[in-house]
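Secondary and tertiary structure notes
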Amino acid sequence: MDIQGAVALIAGGGGGFGAASARRLHAAGAKVLISDLDEAKGTAIADELGDGAVFVRTDVTDEESIQAAIDAALELGPLRIGVVAHGGPGGPRTLDRDNQPAPQASFDRVIAIFLQATYNLDRLLAAAIARSEPAESGERGVIVNTASIAAYDGTIGQTAYAAAKGGIVSMTLPLARDLAPLGIRAVTIAPGTFLTPAYRDADPEQLDAYWGAAVPFPKRMGRAEEYAQLVQQVAENVYLNGETIRLDGGLRFTPKGAK
Ligand SMILES: NC(=O)c1ccc[n+]([C@@H]2O[C@H](COP(=O)([O-])OP(=O)(O)OC[C@H]3O[C@@H](n4cnc5c(N)ncnc54)[C@H](O)[C@@H]3O)[C@@H](O)[C@H]2O)c1
């Protein structure tokens, strides 16, 4: 796909992966619709990028809110790229120290924000991308979802998160198959551990050393720019479709994650 002149909607566009993707796609000539719950973060990225960057406050758990962001993206031009990279809560262990079961509501919440909201974004994005004229190749656009390596090797306390991310991995192929007649691709990125604001309270150097030690090579956490680099490649390489790509330096989680 030719990114130049395309419109990209980035859900979670104020966050680590989202902001890096917005910067990268904007630098490659796309107009970017930065969609995020956090007004301060989203506005900061839109202001930094200037022309061709718009922020719309969005709650991805609310369908009307998603649709409003998509409508705003369509006003910028032909919507061709959807990047789904919003964050959400973690979950507890299945039994606590007193063998009490985790609240079912905490599981449901994680599924709602990571899995259900991803599908809601995907289907509404697909309908909007379907309205764009196809390129000569027949391609209309691409949806890039974000899973996690927890989809494959979830750690202690990650039942809900792993189930949600596993759901995103599993729906990638049928989504690509559903959208193929329209020339819309679907690809999922499954990141390892990346140094982003998702690790709110931790010291970045300590974090990088702790997680980096578990990565075969390179011995550090990933950088959001590396995620964004892959987003650009996924957008540009029309032959990537229906696939989940691990981006993890070869990391495989142990039960506790790193040690
Ligand atoms: N950072 C990592 O190591 C890592 C690894 C694997 C997978 N991931 C996944 O990548 C995605 C993004 O992670 P990140 O590290 O960039 O996180 P982040 O915390 O830096 O950014 C997430 C963004 O999502 C926004 N957000 C939260 N709830 C929202 C809602 N209801 N509606 C709209 N926006 C909302 C936040 O305001 C924030 O700007 C998540 O799905 C995460 O599970 C991250």
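The subject of this paragraph is the site of the ligand. Taken together, 31 residues surround the ligand, and among them Gly16, Asp36, Tyr161, Phe194 and Thr196 come closest. In the model, a nitrogen atom of the ligand is placed 3.3 Å from a nitrogen or oxygen of the Thr58 main chain. Split by residue class, the shell around the ligand holds 13 nonpolar, 12 polar and six charged.

With that settled, consider the nonpolar core. Side chains that are nonpolar tend, in soluble globular proteins, to be buried together. With 37 residues, the main nonpolar core has Leu9, Ile70, Leu79, Leu121 and Leu125 as its most contacted residues. Broken down by secondary-structure element, the contributors of at least two residues to this core are β1 (7–11), α3 (63–76), β4 (79–84), α4 (104–129), α6 (159–179) and β6 (184–191). If one sorts the elements of this core by residue count, α4 sits on top with 12 residues. Not counting residues within four places of it along the chain, the set of residues in contact with Leu121 comprises Ala11, Val60, Ile66, Val84 and His86. Ala22, Leu49, Phe55 and Phe194 belong to the second largest nonpolar core, which has 34 residues in total.

Residues Gly42, Ile45, Ala46 and Leu49 constitute the buried set of helix α2 (residues 39–49). For α2, the buried positions fall inside an angular range of 95° around the axis, keeping them on one side. What points out from α2, more than 90 degrees from its buried face, is the exposed set Ala40 and Asp47. Looking at the buried positions of α2, the neighbouring elements they touch are α1 (16–27), β2 (31–36) and β3 (53–57). Its side-chain oxygen 3.1 Å from the backbone nitrogen of Ala40, Asp38 forms the N-cap of α2.

So, about the confidence of the model for the protein. Within the protein, residue pLDDT values average 97, and 100% of them lie at 70 or more. Per-element confidence in the protein is highest for strand β5 (residues 141–146), whose mean pLDDT is 99, and lowest for helix α7 (residues 204–212), whose mean pLDDT is 91.

Before going further, it helps to spend a moment on the pairing of β2. Of all six residues making up β2, five are buried, and the element is well covered by its neighbours. Here five bridges tie β1 to β2, and the two strands are oriented parallel to one another. Residue pairing across strands places Ile10 opposite Ile34, the latter belonging to β2. Between β1 and its parallel partner β2, the chain crosses via α1, and the hand of that crossover is right-handed. Bridge analysis of β2 against β3 gives five bridges, and the strand direction is parallel. Paired with Leu33 across the bridge in β3 is Val54. At this point the chain moves from β2, through α2, to the parallel β3, and the crossover so formed is right-handed.

Let us look at the side chain of Arg80. Inspection of the secondary structure puts Arg80 in strand β4. Within the local environment of Arg80, its side chain forms a polar contact with the backbone oxygen of Arg140, the two atoms lying 2.9 Å apart. Among residues more than four places away in sequence, those in contact with Arg80 are Met1, Ala6, Val7, Ile129, Ser132, Glu133, Glu139, Arg140, Gly141 and Val142.

Basis of the calculations
- Residues numbered from 1 in each chain as written.
- Predicted model: local features only at pLDDT ≥ 70, side-chain atom pairs only at ≥ 80, totals over all residues.
- Heavy atoms only, no water.
- Near = heavy atom within 4 Å.
- Polar contact = N/O pair within 3.5 Å; in protein donor to acceptor, adjacent residues only side chain to side chain.
- Nonpolar A, V, L, I, M, F, W, Y, C, P; charged D, E, K, R; others polar.
- Core = buried A, V, L, I, M, F, W, Y, C linked by side-chain atoms within 4.5 Å.
- Buried < 20%, exposed > 50% of the residue type's maximum accessible area, 1.4 Å probe, protein only.
- Helix = DSSP H or I, 4+ residues; strand = E, 2+ residues; numbered from the N terminus.
- Contact = heavy atoms within 4.5 Å.
- Arc of directions from axis to C-beta.
- pLDDT = per-residue confidence, 0-100.
- Pairing = 2+ DSSP bridges.
- Right-handed = clockwise from strand over helix to strand, strands pointing away.

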